[in-house]
Amino acid sequence: ERRGQERRGQRPRAYHRAAMRIYTDTVTTSANAATLSAHRTPFVSLLSDFGSRDPSAGIMRAVVAGICPEANVVDITHDVDKYAIRDGALVLWSAAPYLPVGAHVAVVDPGVGTARKGVALQTARGDYLVGPDNGLLMPAAARLGGITAAHLLEEPRYALPDVSTSFHGRDIFAPAGAHLAAGVPIDELGRSVDPRRLLDLEWPRPEIRRGAMRAQTIYIDTFGNVKLSALADDLASALPSLRFGERLVLRVEEGSARREVPITWVATFGEVPEGAPLLTADSYGRVAVSVHQGSAASAFGLELDTTVEVARPVPPLPPRRAASPPARSAPPRGPAASPPARPPGSPPARPPGSPPRR
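Conventions and cut-offs
- Residue positions are given per chain, counted from 1 along the sequence in the order it is written.
- The predicted nature of this model means local features are confined to residues of pLDDT at least 70 and side-chain atom pairs, given and counted, to a pLDDT of 80 or more, with totals for whole chains, interfaces and linings taken over all residues.
- Values shown for side chains rest on all heavy atoms present in the structure; no hydrogens or waters enter the calculation.
- Residues belong to a common nonpolar core when they are buried Ala, Val, Leu, Ile, Met, Phe, Trp, Tyr or Cys residues joined through side-chain atoms within 4.5 Å.
- Classification of residues uses two cut-offs on accessible area relative to the type maximum, computed with a 1.4 Å probe and protein chains only: under 20% is buried, over 50% is exposed, and between them is partly exposed.
- Strands are runs of DSSP state E lasting at least two residues, helices are runs of H or I lasting at least four, and both sets are numbered from the N terminus onward.
- The contact rule is simple, with two residues in contact once any of their heavy atoms fall within 4.5 Å.
- Only strands joined by at least two bridges in the DSSP assignment are considered to pair.
- Here an angle of 0 to 180 degrees is reported between the N-to-C directions of two axes, which are lines fitted to C-alpha atoms, with helices fitted over the stretch in contact.
- For this classification, under 35 degrees means roughly parallel, over 145 means roughly antiparallel, 65 to 115 means roughly perpendicular, and everything else is oblique.
- Throughout, a crossing is termed right-handed when the near helix is turned clockwise from the far one, and left-handed when it is turned anticlockwise from it by less than a right angle.
- All amino acids are sorted into three groups, where Ala, Val, Leu, Ile, Met, Phe, Trp, Tyr, Cys and Pro are nonpolar, Asp, Glu, Lys and Arg are charged, and the leftover types, Gly among them, are polar.
- Classification of ring pairs rests on two measures: the distance between centres of Phe, Tyr or Trp rings, Trp counted by its six-membered ring, which must be within 6.5 Å, and the angle between planes, read as stacked under 30 degrees, edge-to-face over 60 and tilted in between.
- The criterion is that NZ of a Lys, or CZ of an Arg, lies within 6 Å of the ring centre and within 35 degrees of the ring normal, and then a charge sits over that ring.

**Digging into the nonpolar core**
- In this structure, L121, L137 and L198 are the most contacted members of the largest nonpolar core, which totals 29 residues.
- Mapped onto this core, the elements with two or more residues apiece are α4 (85–95), β4 (118–123), α5 (138–143) and β6 (147–152).
- No other element matches the 6 residues that α4 contributes to this core.
- Beyond its immediate chain neighbours, meaning those up to four positions away, L137 contacts L92, A106, V119, L121, L129, V130, G131 and P132.

Pasting the structure below:
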C-alpha cells in the first residue's frame, strides 16, 4: 500500500502507524459479503457540527435527494462539537469502514467563506470524501486505503445556483457528494490537486517506551469515556506480555505535577466493580480511560489534550535493614594492668575528695 502510494506520487498516510488497518472492503456480515456487486444503490453519508435544532442537516439531505433521489442517505452524526475539526475527523475515521462504498460528505468548517478550498478525494476503496480542505477528511482517507485522486470543487454546474458565504454544506458539499454518488466523474468537479498540498491534520502520536506509553486525550464521548491518541497495539508495544486483569498506573500530567490513578486493563466494563476505573480498547481499537457505569472525564478531571502516561506500577523498595551497632574492641587478655609504681620518696597518693596539703 505504501509503495503504491509512493509510485502515484502521494505521501503515504500513517495516522495510526502502530496498528494501521486498511479497510479495502466494506465491513459487512459474512452472509452478505458474497452478494455485494458493483451495481449498488448510490450511497451518501453526512456528518457535521450543525446539530439537530436548526434545519441545516435536513436541508443537506433534501439537496442530496433533489440531485440523486435514488441514493440511500445516512446521517453519521450532526452533533460534532462546534468547530471541533479533530473530533469530526475521529468520528469519520471510526465510521468509514462500516459505510457502504459511496460519497461521504463531512462539514466541520470554521473557515467557511474564507480562502480555504473545498475538495473531493477519491480513495483506494472507491469512496469519495467531500468537504473543506482543513484536515477533516484525511484520517478517513488513510483508513480507506489512501488518496488516489484529489480535485477542487470549482465547477458551478455541480453546486447550487446561489452560493452563500456561510452554508457551503448546503450549497457546495452536499451537491458535489450527490453528483459523485450519481456517477459524475470526480475530474469534472474541478482541477486536480496534489494530495501532498492538502492541509493535514495535527494528530498527536503516542510516545512508546519500554514499560510506559505517553499519549494525549483526544475525544470524550457522551458516556464520559476518554479516548487516547493511542491504539491497543501501541500499548502492547510499550508493555510486553500485557494481560487482561493486570493492574497499571495512569499518570495524569498537570503542569509540572503528576497525579497517579491505579487502573486495570480489561476486555470489557463488567470485569471491574461498578464505579471502578478501567483501561480498555474501545470498539474501534483505541485505548480509552473509563469508569464502569460512570464518567472517567468527571471522575478524574480529564480534559482534551491532557497528557497521560500508562505504565506498570513501580514495585516497592525492600525495607531497609537496621544498621548494626559498631563492634566493641575486645578487652586485653591476661592479668589486669597494675598502676604505675611511685618514685622513691614521693608522698602517698591522696584519697579522692581529701583536702589539699598545705
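**Section: the pairing of β6**
- By the criterion of burial, β6 is predominantly enclosed, with 5 of the 6 residues buried.
- As paired elements, β4 and β6 share 5 bridges and run antiparallel to each other. The partner of V119 across the bridge, within β6, is L152.

**Remarks on the packing of helix α3 (residues 56–67) against helix α6 (residues 168–181)**
- Interaxial distance between α3 and α6 falls to 9 Å at its minimum, and their mutual angle equals 40°. In terms of their interaxial angle, α3 and α6 are classed as oblique. Note on packing geometry: the crossing formed by α3 with α6 is right-handed. Packed against α3, whose contacting residues are I59, M60, V63, V64 and I67, the element α6 presents G169, R170, A174, P175, A178 and H179 at the interface.
- Split into classes, the residues belonging to the contact of α3 with α6 amount to 8 nonpolar, 2 polar and 1 charged.

**Description of the environment of I147**
- For I147, the location among the structural elements is in strand β6.
- Owing to a relative accessible area of 2%, I147 belongs among the buried residues under this scheme.
- When the C-alpha atoms of I147 and D127 are compared, they prove to be 9.7 Å apart, with 20 residues separating the residues in sequence.

**Here's the deal with the packing of aromatic side chains**
- Per the stated rule, a full pass over the model turns up 2 aromatic pairs.
- Consider the rings of F244 and W265, whose centres lie 6.0 Å apart with planes at 20°: the pair is stacked. Taken together, the residues F244 in the loop between α7 (232–238) and β10 (247–254) and W265 in strand β11 (residues 257–265) connect sequence positions 21 residues apart.
- Its relative accessible area of 52% is what places F244 among the exposed residues.
- A cation sits over an aromatic face here: R143 above W93, 3.8 Å from the ring centre.
- The ring of W93 has R286 lying over it, and the distance from NZ or CZ to the ring centre is 4.8 Å.

Purely geometric numbers; function is a separate question.
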